[in-house]
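Descriptive analysis of the structure
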Protein chains: 2
Amino acid sequence: MNIGDVSRQSGLPAKTIRYYEEIGLITPQRSANGYRVFREQDLHKLAFIGRARALGFGIEDCRGLMKLYEDTDRSSAEVKQIAEEHLTEIDRKIVELTGMRQTLTRLVHACAGDDRPDCPILADLSAPPAI
Amino acid sequence: MNIGDVSRQSGLPAKTIRYYEEIGLITPQRSANGYRVFREQDLHKLAFIGRARALGFGIEDCRGLMKLYEDTDRSSAEVKQIAEEHLTEIDRKIVELTGMRQTLTRLVHACAGDDRPDCPILADLSAPPAI
DNA sequence: ATAAGGCTTCCAGTGACTGTAAGGTCAAGA
DNA sequence: TCTTGACCTTACAGTCACTGGAAGCCTTAT
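Residues numbered from 1 in each chain as written. Chains lettered and ligands numbered in written order. Predicted model: local features only at pLDDT ≥ 70, side-chain atom pairs only at ≥ 80, totals over all residues. Heavy atoms only, no water.

Looking at an unreviewed UniProt entry, one finds chain A named Cu(I)-responsive transcriptional regulator and attributed to Primorskyibacter flagellatus. Note on chain A: under the UniProt heading Subcellular location (unreviewed entry), the record states "Cytoplasm". (UniProt positions renumbered as here; feature names shortened; annotations may be inferred.)

Some remarks on the packing of helix α3 (residues 40-54) of chain B against helix α4 (residues 59-70) of chain B
Residue and element names in this part refer to chain B. Running from amino to carboxyl end, α3 crosses α4 at an angle of 130 degrees, the nearest separation of the two axes being 10 Å. When the axis of α3 is compared with that of α4, the two are oblique. Crossing hand, α3 versus α4: right-handed. On α4, the residues touching His44, Lys45, Phe48, Ile49, Ala52 and Arg53 of α3 are Ile59, Cys62, Leu65, Met66, Tyr69 and Glu70. (Axes fitted to C-alpha atoms, helices over the stretch in contact; angles between N-to-C directions. Helix = DSSP H or I, 4+ residues; strand = E, 2+ residues; numbered from the N terminus. Parallel < 35°, antiparallel > 145°, perpendicular 65-115°, else oblique. Left-handed = near helix turned anticlockwise from the far one by under 90°. Contact = heavy atoms within 4.5 Å.)

As for the domain arrangement of chain A
All names here are of chain A. As far as domains go, chain A holds domain 1 (1-74) and domain 2 (82-131). Taken over C-alpha atoms, the centre of domain 1 sits 38 Å from the centre of domain 2. Buried surface at the junction of domain 1 and domain 2, summed over both partners, amounts to about 380 Å²; 76% is from carbon and sulfur atoms. Broken down residue by residue, the surface that domain 1 buries against domain 2 is led by Leu55, Phe57 and Asp61, which jointly contribute 66%. Inspection of the domain 1/domain 2 interface yields zero salt bridges. Counting the contacts that link domain 1 with domain 2 gives three residue pairs in polar contact (both at pLDDT 80 or more). Split by residue class, the side of domain 1 that touches domain 2 holds four nonpolar, one polar and one charged. (Domains from an automatic or database assignment. Buried area = accessible area lost by both parts, 1.4 Å probe. Salt bridge = Lys/Arg side-chain N within 4 Å of Asp/Glu carboxyl O. Polar contact = N/O pair within 3.5 Å; in protein donor to acceptor, adjacent residues only side chain to side chain. Nonpolar A, V, L, I, M, F, W, Y, C, P; charged D, E, K, R; others polar.)

Right under this line is the structure:
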């Protein structure tokens, strides 16, 4: 299977698939003309990576998870630890974004958004009130 | 004022302040020995940028907001539009992260996290159930 | 005089791609 | 047979907002 078909099947851009090969996540074979040839196991790996990425895991986490997946002697504790650390990071980001959202929502609501120059948003950025 | 003092006052790393000069956000003067000399207005700008960045605005948004701040003929509508677009983006990220969090929480709870290899997390990454 | 600390520039690296250019390969149709 | 167009290849640069490090000048205190 060529990279175009794999791209369509996996939903990953061909560029991304080449990149994953470059960093050693997958190692497709090559045909005589130099084209990459993907087998079932490559497709499976790409789907695995795609789903892990969609859950926000970083590339190195994906590498680790794939390694654990292939190691049938792993302990589920190792997997769970990676996932829990990632979950903590997600929670941290949500908290950070929620704080931004709260402040920004307040400012946007306070701003008339008309032709006049008076703007609580700029006023706050310039010198926020001590709350 | 030298860059070290400005860094301590603003809470921004000196590296970051130099970077902000490089991309034209601030233009501190120079003393005879080549050191950057920061005036009150530079401090004010850096504080403005710092707060906008803390609300998640990108550098180009910061540039635009500063330009509007300095233009006393602006309309608050222009400011509000930038803020609202950013707010939409923040909401999008929160939704994305919340979805990840939900799936990941479910998987982490389903995983025993012990010495055995059975792991619902890897099972889901490998072939998620059609929900 | 020297040592410590602060300042300078320049270059490279981060993460995870993405864009672009220049060119080789293949299958179908005129 | 030729050509067109779709597909593939590599290599290099760019993204975003810094961050790290090296090499070297400047200042201040001892």
